[in-house]
Amino acid sequence: MRLWSWGWRLSWGACATATAGLPAAARPARSPAAAGILPPRPKSMIHLDYTDPGMSVASLPSVCMHCEDPVAPCAEVCPADAILVTADGVVQQADTTRCIGCSNCVNACPFGIPKIDLQAKLQMKCNLCYDRTAYGLAPMCATVCPTGALFYGTLEELQAERPGVQVADSFVFGDVVVQTGVAMVVPADKVQWPVPGGLPVVEINGVDVR
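The present account deals with the structure reproduced in this document.

Cut-offs and rules
Residues numbered from 1 in each chain as written. Predicted model: local features only at pLDDT ≥ 70, side-chain atom pairs only at ≥ 80, totals over all residues. Heavy atoms only, no water. Helix = DSSP H or I, 4+ residues; strand = E, 2+ residues; numbered from the N terminus. Buried < 20%, exposed > 50% of the residue type's maximum accessible area, 1.4 Å probe, protein only. Salt bridge = Lys/Arg side-chain N within 4 Å of Asp/Glu carboxyl O. Pairing = 2+ DSSP bridges. Phe/Tyr/Trp six-rings, centres within 6.5 Å; stacked < 30°, edge-to-face > 60°. Core = buried A, V, L, I, M, F, W, Y, C linked by side-chain atoms within 4.5 Å. Contact = heavy atoms within 4.5 Å.

Re the environment of G153
Moving on, step 1. Position of G153 relative to the elements: it lies in the loop between β9 (150–152) and α7 (155–161).
Moving on, step 2. G153 gets classed as buried once you look at its relative accessible area, which sits at 6%.
Moving on, step 3. Along the primary structure G153 and A138 are separated by 15 residues, whereas in three dimensions their C-alpha atoms are 8.1 Å apart.

Below, the structure is given as structure tokens:
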């Protein structure tokens, strides 16, 4: 099912490293925390990565890409059946009553999105602020993003706001093409589908293979 009806658009070039989206995406501790099921302090559901640490302040937000095909590799490898994919294609965070903290999802995700909270022994990741988006509201990180690097809406809405913009929603990792519910803004003069994913292999067993 295509998710353009709600689709994310990531524009990393517009990210100003303001980090506004990180605290906004923190899930507040609710009753499960009081019962010891969740950590008592809020945890951010998105991560901010730096493209060239120590050399540049350029950054990019890492949010769940809500994979469509193959359907959510993280959910496919979960031995506890803890990761739900909703009917509209949103890949949920692991159910805290089922997650066993095995890290299978961490290893399976080609985008490196799920994280394991070692203290709680639970998987944590972006779930598209489903308590908001299910009611037609935008995710918090997109709501507070000051530069529009995170955009929530239809492709038509994005193109109306930014004429000529190009987006990609398919990425290749080795021989596997991953189709996602989240699209990424790409430079118009560098459009290539599917977009190469992952990092280039430069060393194998200590041998430079570039």
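Observations regarding the pattern of salt bridges
Moving on, step 1. In this structure the tally under the stated criterion is one salt bridge.
Moving on, step 2. Between R162 and E161 there is a salt bridge whose closest N-O contact spans 3.5 Å.

Digging into the pairing of strand β10 (residues 166–173)
Moving on, step 1. Burial analysis of β10 places six of its eight residues in the buried class, the great majority of the element.
Moving on, step 2. Taken together, the seven bridges between β10 and strand β11 (residues 176–186) define a ladder with antiparallel strand orientation. The partner of V172 across the bridge, within β11, is V177.
Moving on, step 3. Connecting β10 to the next strand, β11, in antiparallel fashion are two residues, including G174 with a positive phi near 65 degrees.
Moving on, step 4. Pairing of β10 with strand β12 (residues 195–196), which is carried by two bridges, proceeds in the parallel orientation. Considered in β12, the bridge of V172 is made with P196.

Quick notes on the packing of aromatic side chains
Moving on, step 1. As enumerated under the stated definition, the model contains two aromatic pairs in all.
Moving on, step 2. For the ring pair F111 and F173, a centre distance of 5.2 Å and an interplane angle of 90 degrees mean the geometry is edge-to-face. One end of the pair, F111, is in the loop between α4 (104–108) and β7 (115–117); the other, F173, is in strand β10, with 62 residues separating them in the sequence.
Moving on, step 3. Linked through ring pairs, F111, F171 and F173 together constitute an aromatic cluster.

Considering the environment of G112
Moving on, step 1. Structurally, G112 is set in the loop between α4 and β7.
Moving on, step 2. When its relative accessible area of 36% is taken as the criterion, G112 is described as partly exposed.
Moving on, step 3. Counting along the chain gives 49 residues from G112 to V63, while the straight-line C-alpha distance between them is 9.4 Å.

Side note on the nonpolar core
Moving on, step 1. Core analysis: the largest hydrophobic core is formed by 23 residues, its most contacted members being C74, A82, I83 and V91.
Moving on, step 2. Breaking this core down by element, the ones donating at least two residues are α3 (73–76) and α6 (140–144).
Moving on, step 3. Sequence-distant contacts of A82, that is, excluding residues within four places in its chain, are made with Q93, A94, D95, R98 and C99.
Moving on, step 4. If you look at the next biggest cluster of nonpolar residues, it comprises ten residues, including A168, F171, V178 and V195.

Quick look at unusual backbone geometry
Moving on, step 1. Of note, the amide linkage connecting D69 to P70 takes the cis form, showing an omega dihedral of -5 degrees.
Moving on, step 2. For P70, the position within the fold is in the loop between β6 (67–69) and α3.
Moving on, step 3. Positive phi outside glycine occurs at A72, with the angle close to 35 degrees.
Moving on, step 4. With respect to the helices and strands, A72 occurs in the loop between β6 and α3.
Moving on, step 5. Among the residues examined, A72 registers a relative accessible area of 1% and is labelled buried.
Moving on, step 6. One non-glycine residue, C129, lies in positive phi territory at about 45 degrees.
Moving on, step 7. Position of C129 among the secondary structure elements: in the loop between β8 (122–124) and α5 (130–133).

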